[in-house]
Amino acid sequence: MLKIENLHVKLEEEDKVILKGVDLTVEAGKVHAIMGPNGSGKSTLSYVLAGRDGYEVTEGSAQLDGVELLDMDPEERAAAGLFLAFQYPVEIPGVGNMTFLRTAVNAQRKARGEEEMSAGEFLKVIREKAKALKIDADMMKRPVNVGFSGGEKKRNEILQMAMLEPRMCILDETDSGLDVDAMKLVSEGVNALRDAGRAFLVITHYQRLLDHIKPDVVHIMADGRIVKTGGPELALEVERNGYAGILSEVA
Ligand code: ADP
Ligand code: MG
Ligand code: MG
């Protein structure tokens, strides 16, 4: 589903190279985890896939179902089925959460040539999904993420994901800032979306999220590359020996 080959990325403004040849293939129906020390380029990879400004791809490709993502605008990538849950969710003052979601869902439907969701249907679906994530009516009325706690923001990202039903879901450190209960809620939200036609790239610094969202494949990223790939046991090895152990072994 997602095929990244030899991806090299530098900052647009400075001569700083961040990704130094990332190779990664994620198959439909699978959950791949990327772990790695702080500063290894995990968020940069997710931003570049989603199409954030400020980065220059100097080499390589990233395809979604055989179509080059890197040639598309961010909204085209979203319409193609890509979704990124941010490590630091953005606050949007003045835009109600409910309005934002309805606009996003309908924009995506339009881009795909589908009919808009009726107001009634939208309300029914969103109430059900918000309830599962313990997002109350008040949070739905407030401006997007404004004044939300860290955990509320992360749950709101998962609500967006559940409403947009993307096929390729990227979660960037969704566990950071979550207490155990919130992590369970978020994980249940993600697990409910697991499906043979959907794939996940779960970026996390810590193993504990992977107790709840069981990955099929685990990759270790360091200094802008995937340096090791294995099964779920690789995450446990990180937990036991830290990144230093694995990195010295790879070196
Ligand atoms: P991770 O998510 O693995 O912690 P990041 O992708 O956030 O890593 O960052 C990788 C490296 O690139 C870090 O050294 C970070 O400081 C640097 N970096 C990323 N974005 C920028 C930016 N916009 N300006 C300056 N440095 C950046
Ligand atoms: Mg980081
Ligand atoms: Mg990061």
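Residues numbered from 1 in each chain as written. Chains lettered and ligands numbered in written order. Predicted model: local features only at pLDDT ≥ 70, side-chain atom pairs only at ≥ 80, totals over all residues. Heavy atoms only, no water.

Per an unreviewed UniProt entry, the protein chain goes by the name Fe-S cluster assembly ATPase SufC and belongs to Szabonella alba.

*Asks:* Can you break down the sheet that holds strand β5 (residues 67–68) residue by residue, with the values?
*Replies:* In a beta sheet, neighbouring strands pair by backbone hydrogen bonds and run either parallel or antiparallel. Overall, antiparallel pairing links the four strands, which are arranged β2-β1-β4-β5 in an open sheet. Only two strands of the sheet have a single partner each, and these edge strands are β2 (17–26) and β5. In this sheet, strand β4 (residues 55–64) lies alongside strand β1 (residues 2–11) in antiparallel orientation, the contact comprising eight bridges. Within β4, the position partnered with His-8 by the bridge is Glu-59. Of the strands in this sheet, β1, β2 and β4 touch helix α1 (residues 42–50), which is tilted by about 105 degrees from β1. (Pairing = 2+ DSSP bridges. Helix = DSSP H or I, 4+ residues; strand = E, 2+ residues; numbered from the N terminus. Contact = heavy atoms within 4.5 Å. Axes fitted to C-alpha atoms, helices over the stretch in contact; angles between N-to-C directions.)

*Asks:* Talk me through the UniProt feature "domain: ABC transporter" (unreviewed entry) in the protein chain; I want residue IDs and the actual numbers.
*Replies:* UniProt annotation of "domain: ABC transporter" (unreviewed entry) refers to residues 2–248 when read in the numbering used here. When the span residues 2–248 is considered, its composition is 40% helix and 28% strand, and the gap between its end C-alpha atoms is 29 Å. (UniProt positions renumbered as here; feature names shortened; annotations may be inferred.)

*Asks:* Kindly report on the side chain of Thr-174, identifying the contributing residues and their values.
*Replies:* Relative to the helices and strands, Thr-174 is located in the loop between β9 (168–172) and α7 (180–193). When its relative accessible area of 4% is taken as the criterion, Thr-174 is described as buried. Every residue in contact with Thr-174, bar those within four places of it in the chain, is listed here: Ala-85, Lys-154, Ile-158, Val-186 and Ile-203. (Buried < 20%, exposed > 50% of the residue type's maximum accessible area, 1.4 Å probe, protein only.)

*Asks:* Residues and numbers for the site of ligand 1, please.
*Replies:* Taken together, the neighbourhood of ligand 1 is formed by 13 residues, with Gly-39, Gly-41, Lys-42, Ser-43 and Thr-44 sitting nearest. Lys-42 is positioned such that a nitrogen or oxygen atom in its side chain is 2.8 Å from an oxygen atom of ligand 1. Between ligand 1 and Thr-44 there is a distance of 2.6 Å, counted from an oxygen atom to a side-chain nitrogen or oxygen. In terms of residue count, the dominant contributor to the shell around ligand 1 is α1 (three residues). Looking at the shell around ligand 1 residue by residue, the classes come out as four nonpolar, six polar and three charged. (Near = heavy atom within 4 Å. Polar contact = N/O pair within 3.5 Å; in protein donor to acceptor, adjacent residues only side chain to side chain. Nonpolar A, V, L, I, M, F, W, Y, C, P; charged D, E, K, R; others polar.)

*Asks:* Any chance you could break down the nonpolar core for me, citing the residues and the numbers?
*Replies:* Judged by nonpolar contacts, the single largest core of 42 residues is most densely connected at Met-35, Leu-159, Met-161, Leu-171, Phe-200 and Val-202. Sort the elements by how many residues they give to this core and helix α6 (residues 150–164) lands first, with six residues. Ranked by size, the runner-up nonpolar core spans 31 residues in total, among them Ile-18, Leu-49, Tyr-55 and Ile-226. (Core = buried A, V, L, I, M, F, W, Y, C linked by side-chain atoms within 4.5 Å.)

*Asks:* Residues and numbers for the packing of helix α3 (residues 97–111) against α6, please.
*Replies:* Viewed as axis vectors pointing N to C, α3 and α6 meet at an angle of 35 degrees, and their least axial separation amounts to 10 Å. The hand of the α3/α6 crossing is right-handed. Residues Asn-97, Phe-100, Leu-101, Ala-104, Val-105 and Gln-108 of α3 form the contact with α6, whose own contacting residues are Asn-156, Leu-159, Gln-160, Met-163 and Leu-164. Taken together, the residues that form the contact of α3 with α6 break down as seven nonpolar, four polar and no charged. (Left-handed = near helix turned anticlockwise from the far one by under 90°.)

*Asks:* Quick rundown of the coordination of the magnesium ion (ligand 3)? Include the residues and the values.
*Replies:* Within the protein, the magnesium ion (ligand 3) binds to Ser-43 (OG) and Gln-87 (OE1); these donor distances fall in the range 2.1 to 2.3 Å. Separating the magnesium ion (ligand 3) from the magnesium ion (ligand 2) is a distance of 3.2 Å. Of this pair, Ser-43 sits in helix α1 while Gln-87 sits in the loop between β6 (82–85) and β7 (92–96); the two residues are 44 residues apart in sequence, bridging distant segments of the chain. A single burial state applies to Ser-43 and to Gln-87, both of which are buried. (Donors = N, O, S within 2.8 Å, 3.2 Å for Na, K, Ca; no water.)

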